[in-house]
Amino acid sequence: MLEIKNLHARISEGREILKGVDLTVKPGEVHAIMGPNGSGKSTLAGVLSGKPGYEVTEGQVLFQGRDLLAMAADERARDGVFLAFQYPVEIPGVNNMYFLRAALNAVRKQRGESDMDAGQFLKAVRAKLKLLEIGEDLLQRGVNVGFSGGEKKRNEIFQMAMLEPKLAILDETDSGLDIDALQMVSRGINALRGPKRAIVMITHYQRLLNYVVPDRVHVLSGGRIAKSGGKELALELEQTGYGAYGDAA
Amino acid sequence: MTDTAAAHNLAPLREGYKYGFVSDIESESAPPGLNDDTIRFISAKKQEPQWLLDWRLQAFHQWQKMDSPHWAKLRIAPIDYQAATYYSAPKRQNTPKSLDEVDPELLKTYEKLGIPLNERAALAGVAVDAVFDSVSVATTFKKTLGELGIIFCSFGEAVREHPDLVRKYLGSVVPQGDNFFAALNSAVFSDGSFAYIPAGVRCPMELSTYFRINAAKSGQFERTLLVADKGAYVSYLEGCTAPQRDENQLHAAVVELVALEGAEIKYSTVQNWYPGDAEGKGGIYNFVTKRGACRGARAKISWTQVETGSAITWKYPSCILEGDDSVGEFYSVAITNNFQQADTGTKMIHLGRNTRSTIISKGISAGKGQNTYRGLVRIQPKAANARNYTQCDSLLIGDKCGAHTVPYIAARNPTARVEHEATTSKISDEQMFYCQQRGLSKEDALSLIVNGFCKEVLKELPMEFAVEAQKLLAVSLEGSVG
């Protein structure tokens, strides 16, 4: 599904942040990437999703065998790469539901499916809303406008559930969530686990991993994967901290 | 041209009209230049009564003493008014005969805007009688309106058929000498529209939707007069979202609205004239005077405009709130891209007690466009408890454009309450990336964000217009993000 080989990247005109990341994620797998502040977690998410402002200086990323880095951000999205934002962006005046439907139809078109009509769409929406315990009023508001932190994160997972990506990258989706919201979000993520889908969770803390149990855990430190292991690695980190992995902030 | 020459021209024309003569009239136009004789020629051509000729001449004599306004934040190349032609019958020689002869780029735009097929040809300037069968439709509508006592016709027809109404209201809101361009229009106006809604009648349809094509040829000095009698209601749509063929560079229109006691007029405009090319060459100069008077208690006038075209827009649709409890509204979206300039806004003049006004202005600048909101809120001494709320938002796309806000507030009554809010924002890279990360193309993302920004104004437009306007915003901003 995703093959990252010796990836080096920097902030445009700035210092190098990723210094040779290697990572392979197979369909059906859930990977957790953990690491201290400044270790390059968000840069990795940005580079994979095509966020402007980063420059890849070396290495390769293959997504389903294709050169991911050669694709524009919207192309990647339509091909099934989804990024759940750490800080979801507000778009005033644009109805959340309208936005979602536009996105869904763009993705469906790429898959060779027809546009969803209003009825089908509403039905699909209601099913997912229930799963995440999101009120329908959220749909009628502007995209992320006036949402609480928890609502924003839940909205990201809701969008993910609707768009059904092949590769979902969750950038600190658990940060700022209270325990109830964390459980709801986790339920949403777990519902999306499946043999054809890969999920990469970027997180500081182990607590999300209690609810979404990963197949693999990686420690990103100093711009490289410093250690990889099973789910027990997360527990170990909780005990020892990131200090053992070098240049922790 | 001398008086005799004008008189000489008059005779054959009258005969021609009598016998339904049409073919020769096409080649007849006034010689370039502007003087008393030009005015007489135009008036004679239109077979106007003496009072209207006198009115035009009066306007012309005032105009001669006036200077082109220079206070707007606009760069305007000098205009040689003596070089222009002020009367020209529609030319047919150069018009395309079918859609096959029309510029494919123009057709592509129509398609993007979702303009119905049968209208595209007419908009592109294909000889209307060859393709368009709206005449029968128009007749049906006219009958419905007639049964309600609603008068809706060309200005010329109104002068002939309803001279008393025209005489009573013409120039009563925008006097001949109001400003340079209004004076010019009053002297040389070509044609336009007239509507009168009798007391207590609610006009059952959006006026002008059905004839938007036919009205497209009203010319560069258009004159519109709408009168809503006591308790009447009318919604009027001006313009068209499709770019129109137009060889005139200077457009100086005048629109006058009169709302009597308890009447309501809703006036919506979508202006999409040729903005000039990406290098700033060509494009229409759109210098328009629009004003409405709420002449009775509880009258309401609401302007909604979407301005995306023209190289230069100079336009301030205004409300004079004379009647107690009368209401004025102004909702505006103005886009400037490439080298376009817009200086637009409104004037709300509060004269009556408890008068209220709302101003919502959304300016969008892209490319090297310059966009200025200029507005005046004046509360006169007798306007006790007057209220105004103004909101001016500017959106910048790129870093070579400009947005300016120039609000004037003059409150001469201590009970007045005037609120003004202004914001300026840029479309952020984060917003664009968020949309793109959800699968939307750059163009769709931009269109979505811009439409969200304009939502409060777009929702004031009649449904059908709003859909086209949304698409138009997207088309106008094409190529503005890298």
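Fair warning: this is a prediction, and the values are worked out from it, not measured in the lab. (Residues numbered from 1 in each chain as written. Chains lettered and ligands numbered in written order. Predicted model: local features only at pLDDT ≥ 70, side-chain atom pairs only at ≥ 80, totals over all residues. Heavy atoms only, no water.)

## Notes on the overall build of chain B
Logical step 1: The secondary structure content of chain B amounts to 14 helices and 18 strands.
Logical step 2: Going through the 482 residues of chain B one by one, you find that 56% of them count as buried.
Logical step 3: Within chain B, residue pairs in contact and separated by at least 24 positions form 85% of the contacts whose partners lie at least 6 positions apart.
Logical step 4: Entry remark: accessible area of chain B is about 20,100 Å², with carbon and sulfur atoms responsible for 51%. (Helix = DSSP H or I, 4+ residues; strand = E, 2+ residues; numbered from the N terminus. Buried < 20%, exposed > 50% of the residue type's maximum accessible area, 1.4 Å probe, protein only. Contact = heavy atoms within 4.5 Å. Areas by Shrake-Rupley, 256 points an atom, 1.4 Å probe, with all protein chains shown as cover.)

## Topic: the overall build of chain A
Logical step 1: Counting its secondary structure elements, chain A contains nine helices and twelve strands.
Logical step 2: Here chain A has a C-alpha radius of gyration of 18 Å; the compact-globule value for 249 residues is 18 Å, and the two agree.
Logical step 3: With the C-alpha coordinates aligned to their principal axes, the bounding extent of chain A is approximately 55 × 40 × 35 Å.
Logical step 4: The buried share among the 249 residues of chain A stands at 53%.
Logical step 5: Residue pairs in contact within chain A that sit at least 24 positions apart in sequence constitute 68% of those at least 6 positions apart.
Logical step 6: When the accessible surface of chain A is split by element, carbon and sulfur atoms take 48% of a total near 10,600 Å².
Logical step 7: Here chain A carries 32 positive and 31 negative side-chain charges, and the mean point of each set is 3 Å from the other. (Rg over C-alpha atoms; globule rule 2.2 N^0.38 Å. Lys, Arg positive; Asp, Glu negative; His and termini not counted. Charge placed at Lys NZ, Arg CZ, Asp CG, Glu CD.)

## Some remarks on the sheet that holds strand β2 (residues 16-25) of chain A
Backbone-to-backbone hydrogen bonds pair the strands of a sheet. The strands run either parallel or antiparallel.
Residue and element names in this part refer to chain A.
Logical step 1: Taken together, four strands build an open sheet; the order of strands is β2-β1-β4-β5 and the sheet is antiparallel. Of all the strands in the sheet, the pair left with one neighbour each is β2 and β5 (66-67).
Logical step 2: Both strand β4 (residues 54-63) and β5 contribute to a ladder of two bridges, which runs antiparallel. Looking at β5, one finds that Phe-63 is bridged to Arg-66. (Pairing = 2+ DSSP bridges.)

## So, the interface of chain A and chain B
Logical step 1: On the side of chain B, 17 residues touch chain A, which itself brings 31 residues to the contact.
Logical step 2: Taken together, the two surfaces of chain A and chain B that pack against each other cover about 1,900 Å², and 67% of this comes from carbon and sulfur.
Logical step 3: Joining chain A to chain B, the criterion identifies one salt bridge.
Logical step 4: Among the salt bridges present, the one from Arg-438 of chain B reaches Glu-156 of chain A, with a minimum N-O distance of 2.6 Å.
Logical step 5: Where chain A meets chain B, there are ten residue pairs in polar contact (both at pLDDT 80 or more).
Logical step 6: Within the residue set of the side of chain A that touches chain B, elements represented by two or more residues are α2 (73-78), β6 (81-84), β7 (91-95), α3 (96-110) and α6 (149-163) of chain A.
Logical step 7: Ranked by residues supplied to the side of chain A that touches chain B, first place goes to α3 of chain A with six residues. (Buried area = accessible area lost by both parts, 1.4 Å probe. Salt bridge = Lys/Arg side-chain N within 4 Å of Asp/Glu carboxyl O. Polar contact = N/O pair within 3.5 Å; in protein donor to acceptor, adjacent residues only side chain to side chain.)

## Digging into the pattern of salt bridges
Logical step 1: Within the structure shown, the criterion is met by 31 salt bridges over all chains.
Logical step 2: One salt bridge in this structure joins Glu-55 of chain A and Arg-10 of chain A, with 3.0 Å as the shortest N-O distance. Taken together, the residues Glu-55 of chain A in strand β4 and Arg-10 of chain A in strand β1 (residues 2-11) connect sequence positions 45 residues apart.
Logical step 3: On the accessibility criterion, Glu-55 of chain A (27% relative accessible area) is partly exposed.
Logical step 4: Between Arg-298 of chain B and Glu-261 of chain B there is a salt bridge, with the nearest N and O atoms lying 3.4 Å from each other. One end of the pair, Arg-298 of chain B, is in the loop between β8 (285-294) and β9 (300-307); the other, Glu-261 of chain B, is in the loop between β6 (254-259) and β7 (264-271), and 37 residues separate them in sequence.
Logical step 5: Here Glu-261 of chain B falls in the partly exposed class, since its relative accessible area comes to 36%.

## Considerations on helix α12 (residues 442-453) of chain B
Since one α-helical turn is 3.6 residues long, residues separated by three or four positions face the same way.
All names here are of chain B.
Logical step 1: Spanning twelve residues, α12 covers 17 Å between terminal C-alpha atoms, matching the ideal 16 Å at 1.5 Å per step.
Logical step 2: Judged by how many residues are buried, α12 sits mostly within the fold: nine of twelve residues are covered.
Logical step 3: Buried within α12 we find Ala-445, Leu-446, Ser-447, Leu-448, Ile-449, Val-450, Asn-451, Gly-452 and Phe-453. (Expected span 1.5 Å × (residues − 1).)

## A few points about the sheet that holds strand β18 (residues 417-426) of chain B
Residues and elements named next belong to chain B.
Logical step 1: Taken in spatial order, the seven strands of this open sheet run β4-β7-β9-β12-β14-β16-β18, and their pairing is parallel. Looking at strand neighbours, the two that pair on one side only are β4 (233-239) and β18, the edges of this open sheet. Ignoring strand direction, the axes of neighbouring strands in this sheet form an average angle of 5°.
Logical step 2: Relative to β7, β4 is paired through seven bridges, and the arrangement is parallel. (Axes fitted to C-alpha atoms, helices over the stretch in contact; angles between N-to-C directions.)

## What to know about the packing of aromatic side chains
Logical step 1: Summed over the entire model, instances satisfying the criterion amount to 19 aromatic pairs over all chains.
Logical step 2: For the ring pair Phe-85 of chain A and Tyr-434 of chain B, a centre distance of 4.8 Å and an interplane angle of 70° mean the geometry is edge-to-face. Here the residue Phe-85 of chain A occupies a position in the loop between β6 and β7, and Tyr-434 of chain B occupies one in helix α11 (residues 429-437), the pair thus bridging two chains.
Logical step 3: With relative accessibility at 8%, the residue Phe-85 of chain A sits in the buried group. (Phe/Tyr/Trp six-rings, centres within 6.5 Å; stacked < 30°, edge-to-face > 60°.)

## Overview of the nonpolar core
Proteins that are soluble and globular tend to have nonpolar side chains buried together.
Logical step 1: Residues Ile-4 and Phe-99 of chain A together with Ile-364 and Val-450 of chain B are the most contacted members of the largest nonpolar core, which totals 67 residues.
Logical step 2: Here Phe-99 of chain A is in contact with Ile-91, Val-94, Val-143 and Gln-159 of chain A together with Tyr-434, Cys-435, Arg-438, Leu-440 and Leu-448 of chain B, once residues within four sequence places are set aside.
Logical step 3: Ranked by size, the runner-up nonpolar core spans 50 residues in total, among them Ala-59, Leu-74, Val-173 and Val-227 of chain B. (Core = buried A, V, L, I, M, F, W, Y, C linked by side-chain atoms within 4.5 Å.)

## Considering the pairing of strand β2 (residues 192-197) of chain B
All names here are of chain B.
Logical step 1: Within β2, six of the six residues are buried, which leaves the element mostly enclosed by the surrounding structure.
Logical step 2: Summarising the sheet, strand β1 (residues 151-154) and β2 pair through four bridges and their orientation is antiparallel. Within β2, the position partnered with Ile-151 by the bridge is Tyr-196.
Logical step 3: Sheet topology places β2 next to strand β3 (residues 223-228); six bridges connect them, and they run parallel. For Ser-193, the partnering residue across the bridge sits in β3 and is Thr-224.

## Here we look at the environment of Glu-147 of chain B
All names here are of chain B.
Logical step 1: Here Glu-147 shows up in helix α7 (residues 134-147).
Logical step 2: Relative accessible area serves as the criterion here: at 63%, Glu-147 is assigned to the exposed category.
Logical step 3: Linking Glu-147 and Gln-391, residues 244 residues apart in sequence, is a C-alpha distance of 41 Å.

## Examining the environment of Gly-119 of chain A
Logical step 1: Mapped onto the elements of the fold, Gly-119 of chain A is located in helix α4 (residues 118-132).
Logical step 2: Along the chain, Gly-119 of chain A and Asn-96 of chain A lie 23 residues apart, while their C-alpha atoms are 17 Å from each other.

## Some thoughts on helix α10 (residues 180-188) of chain B
All names here are of chain B.
Logical step 1: Counting buried positions along α10 yields nine of nine residues, so the element is predominantly enclosed.
Logical step 2: Within the sequence span of α10, burial applies to Phe-180, Phe-181, Ala-182, Ala-183, Leu-184, Asn-185, Ser-186, Ala-187 and Val-188.
Logical step 3: Backbone nitrogen of Phe-181 and a side-chain oxygen of the N-cap are separated by 2.9 Å at the start of α10; the cap is Asn-179.

## Focus on the pairing of β6 of chain B
The side chains of a regular strand alternate between the sheet's two faces.
All names here are of chain B.
Logical step 1: Counting buried positions along β6 gives six out of six residues, so the element sits mostly inside the fold.
Logical step 2: The side-chain alternation of β6 yields two buried faces, one formed by Val-254, Glu-256 and Val-258 and the other by Val-255, Leu-257 and Ala-259.
Logical step 3: Where β6 lies against β8, six bridges are found, and the strand directions are parallel. Across the sheet, residue Leu-257 finds its bridge partner in β8, namely Gly-292.

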